[in-house]
Amino acid sequence: HPTTICNGYLKALDDAVATLDKVSRPVDMADTEELTRLVQACTGTKFISQFSDMLIQLSLDAVKTVFLDDGGRKELDIKRYAKVEKIPGGSLEDSRVLKGVMINKDLVHAKMRRRIEKPRVLLLDCTLEYKKNESQTNIEMTDDQAWEELLRQEEEAVKEVCSEIIAFSPDVVVTEKGVSDLAQHYLVKAGISVLRRVRKTDNNRIARACGATIVNRTGEIQERDIGTGCGLFECTKIGDEWFTWFVDCDAPKACSVVLRGANKDVLNEVERNLGDAMNVLRTIYLDPRVVPGGGATEMAIAHALVAGSKTQEPELAGPYRAAGAALEVIPRTLLENCGADIIRVLTQLRAKHASGTNVTWGIDGEKGKLADMSELGVWEPYAVKAQTIKTAVETAAMLLRIDEIVSGTHKKDKKRAPMQQQGAPDEGGDDPRADA
């Protein structure tokens, strides 16, 4: 029955995860060399392999910057806080991780300061222009004074907003909305540099890097909302575009990775490889354990499950054993890929694991022979391996629970047998269908 099979699979899954815990070993997060070797296994076969050391260093710097350990709560959001900026031109060796944030924006006014050391940064989420009514409004005016009064009120509103900002004497104002010409005029006179229409995600990164708080209304600005953690604000032109840099931050919890390269295709490929490297590190930072690769872990789990099936209840033993035997497909596929003698080497690997002590022995994917993974340095993150096995078993169990999946496989065979008997012509006579 499907439920019995599923129970056997899920029991095998629990024991497989328990075996995985025994096989795994902890990683010393302070040991940069070991982390480098782990990422090397990921990047060594990719397009960027010749610049592997540089890429690993970039990913290590980025992940260490973004990693936040707040009293046991680990947060590592590389997608949101480690932004990759691709600038065509230059060579790959010019790529670097900034101690801060870079955005593809220019200042709103030509006379604003383009370089400020130790700036006071104010981040806004409101417009610096006259606020229009949300509903449609008609104003009827009977004389010129009323029109002038309306313009004067608009100007007063903008001036008040600017004076609320100037009162806190920031050096840089970054807003996600627009800035009117009049507001630019007042802010230039006060010596304040302004960036407008910045993306929400970029604003969040600047807030993390500088220690500022994003303010929704100028009337609510307080001294603690001003970010003072930035060492240098600079606006420079690279190629045809202007870029703004918030760099040399004291304790940045967000960063930008600047990638340089010959053309966009190269940059896109490097970005994908860098993303893989950062994801490997992220997985290890959140769960610092690794298991041996090269099919060694799968073989160890397969051996444990096949041996454990003898002690299971009779109806669960079949599916429990089948789940273990299915895991042998990983070392078998590795052997197929490198053209080795599959049956002989797989039997040798089974014999190695039979004692239960050689759990790190697997397949050397280049030579097609047995090898100790701890000597080769092929390790995989524990979290990835555990998730793979859980997903596989749970998906199989889910499919089996669908009606008629298990019973349907047998019914077809039974139907086919009588059909063959009916269709066979009598030995003595002609085929009755020949006349038709």
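The text that follows walks through the structure, step by step, so that each part is easy to find. Being a predicted model, the structure only gives us computed values, none of them experimental.

With that settled, consider the overall build of the chain. Counting secondary structure elements, the chain contains 15 helices and 18 strands. Principal-axis analysis of the C-alpha atoms places the extent of the chain at approximately 115 × 65 × 45 Å. Burial analysis of the chain (436 residues in total) assigns 41% to the buried set. Long-range pairs, those at least 24 residues apart, make up 73% of the contacts in the chain with a sequence separation of at least 6.

The next subject is the sheet that holds strand β13 (residues 241-247). Pairing is antiparallel across the open sheet formed by four strands, whose spatial order is β6-β13-β12-β7. The open sheet has two free edges, formed respectively by β6 (101-103) and β7 (115-117), since each of these has just one partner strand. In this sheet, neighbouring strand axes are inclined to one another by 20° on average, regardless of whether the strands run parallel or antiparallel. Alignment of strand β12 (residues 232-238) against β13, held across seven bridges, turns out to be antiparallel. Bridged to Ile238 within β13 is Glu241. Across the face of the sheet, helix α7 (residues 200-210) comes into contact with β6 and β13 while running at roughly 150° to β6.

As for its position among the elements, Pro88 is in strand β4 (residues 82-88). Along the sequence, Pro88 and Val266 sit 178 residues apart, while their C-alpha atoms lie 9.1 Å from each other.

There is a patch of nonpolar side chains on the surface, built from Ile139, Met141, Trp147 and Leu151 and spanning about 380 Å² of accessible area. Relative to the assigned elements, Ile139 resides in the loop between β8 (121-124) and α5 (144-166). On the accessibility criterion, Ile139 (54% relative accessible area) is exposed.

Quick look at the pattern of salt bridges now. Considering all chains together, one arrives at 27 salt bridges under this definition. Note that Arg217 and Glu220 form a salt bridge whose closest N and O atoms lie 3.5 Å from each other. Classification of Arg217 by relative accessible area gives exposed; the value is 54%. Using a relative accessible area of 42% as the deciding quantity, one classes Glu220 as partly exposed. By sharing partners, the salt bridges in this structure join Asp125, Glu176, Lys177 and Lys200 into a single network.

Let us now look at the pairing of β8. A two-sided burial pattern is seen for β8, the buried positions comprising Val121 and Leu123 on one face and Leu122 and Leu124 on the other. Examined bridge by bridge, β8 and strand β9 (residues 172-175) share four bridges and lie parallel to one another. Bridge pairing in β9 places Val121 opposite Val172. As judged from the two bridges shared by β8 and strand β11 (residues 214-215), these two strands associate in the parallel manner. Bridge pairing in β11 places Leu123 opposite Ile214.

This part covers unusual backbone geometry. Excluding glycine, most residues fall at negative phi; most peptide bonds, likewise, are trans. Positive phi, close to 50°, is recorded for Lys118, a residue that is not glycine. Note that Lys118 resides in the loop between β7 and β8. Residues other than glycine seldom take positive phi values, yet Ser169 does so here, at roughly 40°. Looking at the secondary structure, you find Ser169 in the loop between α5 and β9. By relative accessible area, Ser169 is classed as partly exposed at 45%.

Time to look at the sheet that holds strand β1 (residues 25-26). As summarised here, the arrangement of the three strands in space is β1-β15-β18, forming an open sheet in which the pairing is antiparallel. Both edges of this open sheet fall to β1 and β18 (379-381), since each of them pairs with a single strand only. Alignment of strand β15 (residues 289-292) against β18, held across three bridges, turns out to be antiparallel. Within β18, the residue paired with Val291 across the bridge is Glu380.

The next subject is the nonpolar core. Residues Leu124, Leu128, Ile165, Ile206 and Phe246 are the most contacted members of the largest nonpolar core, which totals 40 residues. Counting 37 residues, the second-largest nonpolar core is a separate cluster that includes Val39, Met54, Val84 and Cys255.

Now for the packing of aromatic side chains. One pair of aromatic rings is described through two measures. These are the centre distance and the angle between the planes. Applying the stated criterion across every chain yields a total of two aromatic pairs. Arranged with centres 4.9 Å apart and planes meeting at 55°, the rings of Phe67 and Tyr285 form a pair that is tilted. In this pair, Phe67 sits in the loop between α3 (52-66) and β2 (68-70) while Tyr285 sits in helix α8 (residues 264-286), placing the two residues 218 residues apart along the sequence. A centroid spacing of 5.2 Å and a plane angle of 55° characterise the contact between Phe233 and Phe246, whose relative ring orientation is tilted. Here Phe233 is found in strand β12, whereas its partner Phe246 is found in strand β13, with 13 residues between them in sequence. Grouping residues by exposure puts Phe233 and Phe246 together as buried. Directly above the aromatic system of Trp242 lies the positively charged group of Arg114, at a separation of 4.3 Å from the ring centroid. Just above the ring of Tyr81 sits the side chain of Arg208; from NZ or CZ to the centre is 3.8 Å.

Here is what the cut-offs are and how they apply
- Residue numbers here run from 1 along each chain, matching the order of that chain's written sequence.
- With the structure being a predicted model, the display of local features is reserved for residues of pLDDT at least 70 and the display and counting of side-chain atom pairs for 80 or more, all residues being used for whole-chain, interface and lining totals.
- Each side-chain value is worked out from all heavy atoms of the structure, with water and hydrogens disregarded.
- A run of DSSP states H or I qualifies as a helix once it reaches four residues; a run of E qualifies as a strand once it reaches two. Both are numbered from the N-terminal end.
- Burial here depends on accessible area, computed with a 1.4 Å probe over protein chains only, as a share of the maximum for the residue type. Under 20% is buried, over 50% is exposed, and the range in between is partly exposed.
- Contacts are assigned to residue pairs with any non-hydrogen atoms lying within 4.5 Å of each other.
- A pair of strands is treated as paired once DSSP finds two or more bridges between them.
- Axes here mean lines fitted to C-alpha atoms, for a helix over just the part in contact, with angles spanning 0 to 180 degrees between N-to-C directions.
- Exposure above 30% relative accessible area and the absence of a salt bridge qualify a residue for a patch, where like charges join within 9 Å and nonpolar side chains (Val, Leu, Ile, Met, Phe, Trp, Tyr) within 5 Å.
- The method behind every accessible area is Shrake-Rupley, applied with a 1.4 Å probe, and residues are considered shielded solely by the protein chains displayed.
- By definition here, a salt bridge exists when the distance from a side-chain nitrogen of Lys or Arg to a carboxyl oxygen of Asp or Glu is within 4 Å.
- The set of buried Ala, Val, Leu, Ile, Met, Phe, Trp, Tyr and Cys residues whose side-chain atoms join them within 4.5 Å is what this entry labels a nonpolar core.
- Pairing of aromatic rings covers Phe, Tyr and Trp, the last through its six-membered ring, and needs centres within 6.5 Å; plane angles under 30 degrees mean stacked, over 60 mean edge-to-face, and all others mean tilted.
- Counted as over-ring charges are cases with an Arg CZ or a Lys NZ within 6 Å of the ring centre that also lie within 35 degrees of the ring normal.

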